Amino acid sequence: MTRTKQRNLYRIIIGVLMVASGLVSIILITGETVIGSILLVAGLIFLIRGISWHLRDGDSPESDERSKKIGAYGLSYAWLTGLFFMFGLFWLDYLNIVRLGTQVALALSIMLFSRFQPGCTRCTCSGEGMLNNMFWSVYACRQG
Amino acid sequence: MQTRIKEYRSRLSLTQEDLARKVGVRRETIVFLEQGKYNPSLRLAHDIARALHARIDDLFIFEVEPEPESPEHREILVD
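The paragraphs below set out a description of the structure included in this document. In this convention, every chain numbers its residues from 1, walking through the sequence in written order. Numbering of ligands from 1 and lettering of chains from A proceed in the order in which they are written. Local features in this predicted model are restricted to residues whose pLDDT is 70 or higher, and side-chain atom pairs enter the listing and the counts only when it is 80 or higher, whereas totals over whole chains, interfaces and linings include all residues. As a rule here, side-chain values come from all non-hydrogen atoms in the structure, and water together with hydrogens is ignored.

**Points about the overall build of chain B**
Next up, step 1: Check the secondary structure of chain B and you find 6 helices and 2 strands.
Next up, step 2: Beginning at the N terminus, the succession of helices and strands in chain B can be written as β-α-α-α-α-α-β-α.
Next up, step 3: Note on definitions: a residue-residue contact is assigned when non-hydrogen atoms from the two residues lie within 4.5 Å. In chain B, once contacts between residues fewer than 6 apart in sequence are set aside, the share between residues at least 24 apart is 53%.
Next up, step 4: Entry remark: accessible area of chain B is about 5,600 Å², with carbon and sulfur atoms responsible for 50%. In this description a helix means any DSSP run of H or I spanning at least four residues, a strand means any run of E spanning at least two, and both kinds are numbered starting from the N terminus. Each accessible area is a Shrake-Rupley result for a 1.4 Å probe, and residues are judged covered by the shown protein chains and nothing else.

This is the structure we're talking about:
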């Protein structure tokens with residue numbers, strides 16, 4: 001079994017385990033659904049990623065020298081995206097165009113850094129994307 | 001940069017997928033290489049040349065403008 005296939009298999013196994021434990025905790029722990037929801041969402045993301053990448057890539061490597069070069073190029077400019085975003089947020093708040101609380105500003109920053117950074121070439125299913133989805137699932141659960 | 005990867009690959013009846021697997025890269029990289037849109041590392045160029053039973057300079061053609069000959073250079077050539 002190639003390394004790519006093996007990694008996708010691990011993702012699928014982790015996904016199944018997380019979904020199962022999420023469902024069990026939702027059913028067994030009455031009243032508290034946050035942990036169960038987080039496990040369920042994260043598990044589904046792992047599952048979808050594992051299956052879709054396996055179908056898409058098969059035996060071919062996930063990355064090679066070209067994709068690594070693109071990633072490195074993107075990462076070298078990621079700080080600039082962050083800087084422009086922070087700059088925009090500051091002036092929007094300062095000029096009272098948008099009233100941002102600390103929580104919203106931080107949440108938007110997390111979203112930007114974990115999903116929309118140029119270095120993240122495969123955003124929706126990457127590690128950063130997973131972190132982002134987990135963050136939003138927790139955030140949504142907390143907001144009720 | 002121009003490449004003759006496609007020509008050599010066709011001679012060996014290899015698909016882009018086959019060549020990509022042989023040299024350990026994604027198929028997209030072979031596509032970009034064949035279109036001359038990607039400069040490979042020396043290692044990858046070497047691996048591709050080996051896989052296609054060719055030399056690196058047979059596969060990759062760089063268009064270099066001829067340098068104007070300096071008097072010193074001419075002297076060296078004459079010697």
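**Some details on the packing of aromatic side chains**
Residue and element names in this part refer to chain A.
Next up, step 1: Planes of paired rings set the category: under 30 degrees apart is stacked, over 60 is edge-to-face and the rest tilted, where pairs are Phe, Tyr or Trp rings (Trp by its six-membered ring) whose centres lie within 6.5 Å. Counted according to the given criterion, the structure contains 5 aromatic pairs over all chains.
Next up, step 2: With centroids separated by 5.3 Å and ring planes inclined at 85°, the aromatic side chains of Trp 91 and Tyr 94 adopt a geometry described as edge-to-face. Placement of both Trp 91 and Tyr 94 in helix 3 (residues 65–94) is noted, with a separation of 3 residues, approximately one turn of the helix.
Next up, step 3: Each residue's exposure class comes from its accessible area (1.4 Å probe, protein chains only) as a fraction of the maximum for that residue type: buried when under 20%, exposed when over 50%, partly exposed otherwise. By relative accessible area, Trp 91 is classed as partly exposed at 35%.

**Re the packing of helix 2 (residues 16–23) of chain B against helix 4 (residues 42–51) of chain B**
Residue and element names in this part refer to chain B.
Next up, step 1: Interhelical geometry of helix 2 versus helix 4 gives an angle of 120° and a closest axis separation of 9 Å. As judged from the angle between their axes, helix 2 and helix 4 are oblique. Of the two possible hands of crossing, helix 2 and helix 4 adopt the one that is right-handed. On helix 4, the residues that touch Leu 19, Lys 22 and Val 23 of helix 2 are Leu 44, Asp 47, Ile 48 and Ala 51.
Next up, step 2: Broken down by class, the residue content of the contact of helix 2 with helix 4 amounts to 5 nonpolar, no polar and 2 charged. For every element, the axis is a line fit to its C-alpha atoms; helices are fit only across the contacting stretch, and the angle between N-to-C directions ranges from 0 to 180 degrees. Any angle between 65 and 115 degrees counts as roughly perpendicular, while under 35 counts as roughly parallel, over 145 as roughly antiparallel, and the rest as oblique. Less than a right angle of anticlockwise turn of the near helix away from the far helix marks a crossing as left-handed, whereas a clockwise turn marks it as right-handed. Classification used: nonpolar for Ala, Val, Leu, Ile, Met, Phe, Trp, Tyr, Cys and Pro, charged for Asp, Glu, Lys and Arg, polar for all others including Gly.

**Comments concerning the nonpolar core**
Nonpolar side chains in soluble globular proteins generally cluster together in the buried interior.
Residue and element names in this part refer to chain B.
Next up, step 1: Ranked by internal contacts, the top residues of the largest apolar core, which has 19 residues, are Val 23, Leu 33, Ile 48, Leu 52 and Leu 59.
Next up, step 2: The element contributing the most residues to this core is helix 4, with 5 residues.
Next up, step 3: If we ignore the near neighbours within four places in the chain, the residues touching Ile 48 are Ile 5, Val 23, Leu 33 and Leu 59. Buried Ala, Val, Leu, Ile, Met, Phe, Trp, Tyr and Cys residues form a nonpolar core when they are joined through side-chain atoms within 4.5 Å.

**Structural notes on helix 3 of chain A**
Residues and elements named next belong to chain A.
Next up, step 1: Take the number of residues in a helix, subtract one, and multiply by 1.5 Å to get its expected span. Helix length check: helix 3 (30 residues) gives 44 Å between terminal C-alpha atoms against 44 Å at 1.5 Å per residue, within 8%.
Next up, step 2: Arg 66, Gly 71, Gly 74, Ala 78, Gly 82 and Leu 89 are the residues of helix 3 that are buried.
Next up, step 3: In the stretch just after helix 3, Asn 96 is the one whose phi turns positive, near 60°.

**Regarding the interface of chain B and chain A**
Next up, step 1: Each side of the interface is counted separately: chain B has 12 residues, and chain A has 11 residues.
Next up, step 2: Once two parts are brought into contact, the accessible area they lose, counted with a 1.4 Å probe and summed over both, makes up the buried area. Summing both partners gives a buried area of about 910 Å² for chain B against chain A, and 46% of it is carried by carbon and sulfur.
Next up, step 3: Sorting the residues of chain B by area buried against chain A places Arg 26, Thr 29 and Tyr 38 of chain B first, and these three jointly supply 57% of that buried surface.
Next up, step 4: We define a salt bridge as a side-chain nitrogen of Lys or Arg found within 4 Å of a carboxyl oxygen belonging to Asp or Glu. At the junction of chain B and chain A, the tally comes to 0 salt bridges.
Next up, step 5: Polar contact is defined as a pair of N or O atoms within 3.5 Å, subject to the rule that within protein one atom must be able to donate a hydrogen and the other to accept it, and that residues adjacent in sequence are counted only when both atoms are side-chain atoms. For the pair chain B and chain A, the number of links is 7 residue pairs in polar contact (both at pLDDT 80 or more).
Next up, step 6: Tallying contributions element by element places helix 3 (residues 27–34) of chain B first for the side of chain B that touches chain A, with 3 residues.

**Some remarks on the packing of helix 2 of chain B against helix 3 of chain B**
Residues and elements named next belong to chain B.
Next up, step 1: For the pair helix 2 and helix 3, the least separation of the axes is 8 Å and the interaxial angle reads 110°. Here helix 3 runs roughly perpendicular to helix 2, going by the angle between their axes. Seen from helix 2, the contacting residues are Gln 16, Glu 17, Leu 19, Ala 20 and Val 23; seen from helix 3, they are Arg 27, Ile 30, Val 31 and Glu 34.
Next up, step 2: Taken together, the residues of the contact of helix 2 with helix 3 break down into 5 nonpolar, 1 polar and 3 charged.

**Comments concerning the environment of Ile 56 of chain B**
All names here are of chain B.
Next up, step 1: Tracing the backbone shows Ile 56 in helix 5 (residues 56–59).
Next up, step 2: With a relative accessible area of 31%, Ile 56 lands in the partly exposed category.
Next up, step 3: Contacts of Ile 56, omitting those with residues within four sequence positions, involve Leu 42, Ala 45, His 46 and Ala 49.

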